[in-house]
Amino acid sequence: MPSKTSQQLAYKRILLKLSGEALQGDDGFGIQADKLAQVSAEIAHITQLGVQVAIVVGAGNFMRGAGFCQTELDRVTADQMGMLATIMNALALRDALNRKSAPANVLSALAVSGVADGYNRRHALDALQQGQIVIFAGGTGNPLVTTDSAAALRGIEIKADLLIKSTKVDGVFSADPVKNPKAVYYPTLTYDQVIEQRLGVMDMNAILLCQEHKLPLRILNMNKPDALVHTVLGESVGTLVR
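Keep in mind that this is a model prediction, so the values were computed, not measured. (Residues numbered from 1 in each chain as written. Predicted model: local features only at pLDDT ≥ 70, side-chain atom pairs only at ≥ 80, totals over all residues. Heavy atoms only, no water.)

Caption draft 1: The environment of T188, seen in detail. Topologically, T188 is positioned in strand β9 (residues 188–189). Note on T188: relative accessible area 53%, which makes it exposed. Taking the C-alpha atoms as reference points, T188 and R99, separated by 89 residues in sequence, lie 36 Å from one another. (Helix = DSSP H or I, 4+ residues; strand = E, 2+ residues; numbered from the N terminus. Buried < 20%, exposed > 50% of the residue type's maximum accessible area, 1.4 Å probe, protein only.)

Caption draft 2: A look at the side chain of T140. With respect to the helices and strands, the residue T140 is situated in the loop between β5 (133–137) and α5 (147–157). Side-chain polar atoms of T140 contact the backbone nitrogen of N142, separated by 3.3 Å. When sequence neighbours within four positions are dropped, the list of residues in contact with T140 reads A109, V145, A150, L153 and R154. (Polar contact = N/O pair within 3.5 Å; in protein donor to acceptor, adjacent residues only side chain to side chain. Contact = heavy atoms within 4.5 Å.)

Caption draft 3: Geometry of the sheet that holds β9. Pairing is mixed across the open sheet formed by nine strands, whose spatial order is β4-β3-β5-β2-β1-β6-β10-β11-β9. Every other strand in the sheet has two partners, leaving β4 (117–118) and β9 as the edge strands with one partner each. Pairing of strand β6 (residues 162–167) with strand β10 (residues 217–221) involves five bridges; the strand directions are parallel. Looking at β10, one finds that T167 is bridged to N221. (Pairing = 2+ DSSP bridges.)

Caption draft 4: Quick look at the pattern of salt bridges. Counted according to the given criterion, the structure contains seven salt bridges. A salt bridge links R94 to D95; its shortest N-O distance comes to 3.1 Å. With a relative accessible area of 23%, R94 lands in the partly exposed category. Residues joined in a network through salt bridges with shared partners are K17, D148 and K165. (Salt bridge = Lys/Arg side-chain N within 4 Å of Asp/Glu carboxyl O.)

Caption draft 5: Representation of unusual backbone geometry within the structure. The backbone phi angle of L144 is positive, close to 70 degrees, even though this residue is not glycine. In this fold, L144 is placed in the loop between β5 and α5. For D226, which is not a glycine, the phi torsion comes out positive at approximately 60 degrees. Locating D226 in the fold gives a position in the loop between β10 and α8 (227–232). Among the residues examined, D226 registers a relative accessible area of 30% and is labelled partly exposed.

Caption draft 6: Quick look at the packing of helix α1 (residues 33–48) against helix α3 (residues 75–99). Orientation of α1 relative to α3, taken along the N-to-C sense of each, is 60 degrees, at an axis distance of 9 Å. Between α1 and α3, the angle falls in the class oblique. Considering only the axes of α1 and α3, their crossing is right-handed. Contact residues: α1 offers L36, V39, S40, I43 and A44, while α3 offers A92, L93, A96, L97 and R99. Its residues placed into classes, the contact of α1 with α3 shows eight nonpolar, one polar and one charged. (Axes fitted to C-alpha atoms, helices over the stretch in contact; angles between N-to-C directions. Parallel < 35°, antiparallel > 145°, perpendicular 65-115°, else oblique. Left-handed = near helix turned anticlockwise from the far one by under 90°. Nonpolar A, V, L, I, M, F, W, Y, C, P; charged D, E, K, R; others polar.)

Caption draft 7: Geometry of the packing of aromatic side chains. For the coordinates displayed, the defined rule picks out three aromatic pairs. Relative to F62, the ring of F29 lies with its centre 5.6 Å away and its plane at 90 degrees, an arrangement referred to as edge-to-face. With F29 in the loop between β1 (13–18) and α1 and F62 in the loop between β2 (52–57) and α2 (65–68), this pair connects stretches of sequence that are 33 residues apart. A relative accessible area of 49% means that F29 is categorised as partly exposed. Both rings, one in F173 and one in Y185, keep their centres 5.4 Å apart while their planes meet at 50 degrees; by these two values the pair is tilted. One end of the pair, F173, is in strand β7 (residues 172–173); the other, Y185, is in strand β8 (residues 185–186), with twelve residues separating them in the sequence. Residue F173 is classed as buried on the basis of its relative accessible area of 18%. Taking the ring centre of Y119 as reference, the NZ or CZ of R154 above it sits at 3.7 Å. Above the ring of F136, the side-chain terminus of R154 is found at 5.9 Å from the ring centroid. (Phe/Tyr/Trp six-rings, centres within 6.5 Å; stacked < 30°, edge-to-face > 60°. Lys NZ or Arg CZ within 6 Å of the ring centre and 35° of its normal.)

Caption draft 8: Highlighting the side chain of N61. Mapping N61 onto the fold places it in the loop between β2 and α2. Note on N61: relative accessible area 0%, which makes it buried. A polar side-chain atom of N61 sits 2.8 Å from a polar atom in the side chain of N89.

Shown next as structure tokens:
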């Protein structure tokens, strides 16, 4: 890996949208120790380069609110359960980062006194300036709002240079590349193209927020080694939307 100083970074502050699935193992549920170690190591690496890192973590490794509604569970209750699950993931990620000498704090939009501090924009900005990783948990604190929207919102609030969404594929395609091997890969897109073609990059509210506030978005595969490092050094990884 080439040596770079913080002055050579393409991005000084990023917001990483990390799915819950990024932390799960082959059994498809919960937190797998090796995956947690891998993800936290890559995040710790880019902080050592001088990048200020904030994270919004999802909960798909435990549950999805919309999916649970099919069991006749009330949607608001299901979403509240999902928000609690994001806090579990955030706590695990915080401890894994701290073990790698990468100081991290959890700020939750959902009140969980004694477990995590409440979300406060000023506190988040202060922590980032001090070189701490900030993990935003609890979504936006409201039901019926996805963690994609939470990521866009927090990215705008902290004035991130880039929003990164981690996925299991190498970027954005015209169709699901797993189901359609002829799907076309898009290295770059505009927000208008994403909206017009309904590409499903993130939920529509998140896309519109990013577009309105001119926050660039990069979709990449976190399973690729050093994907985050290559990205912050300005290399083309995944799909850039702007």
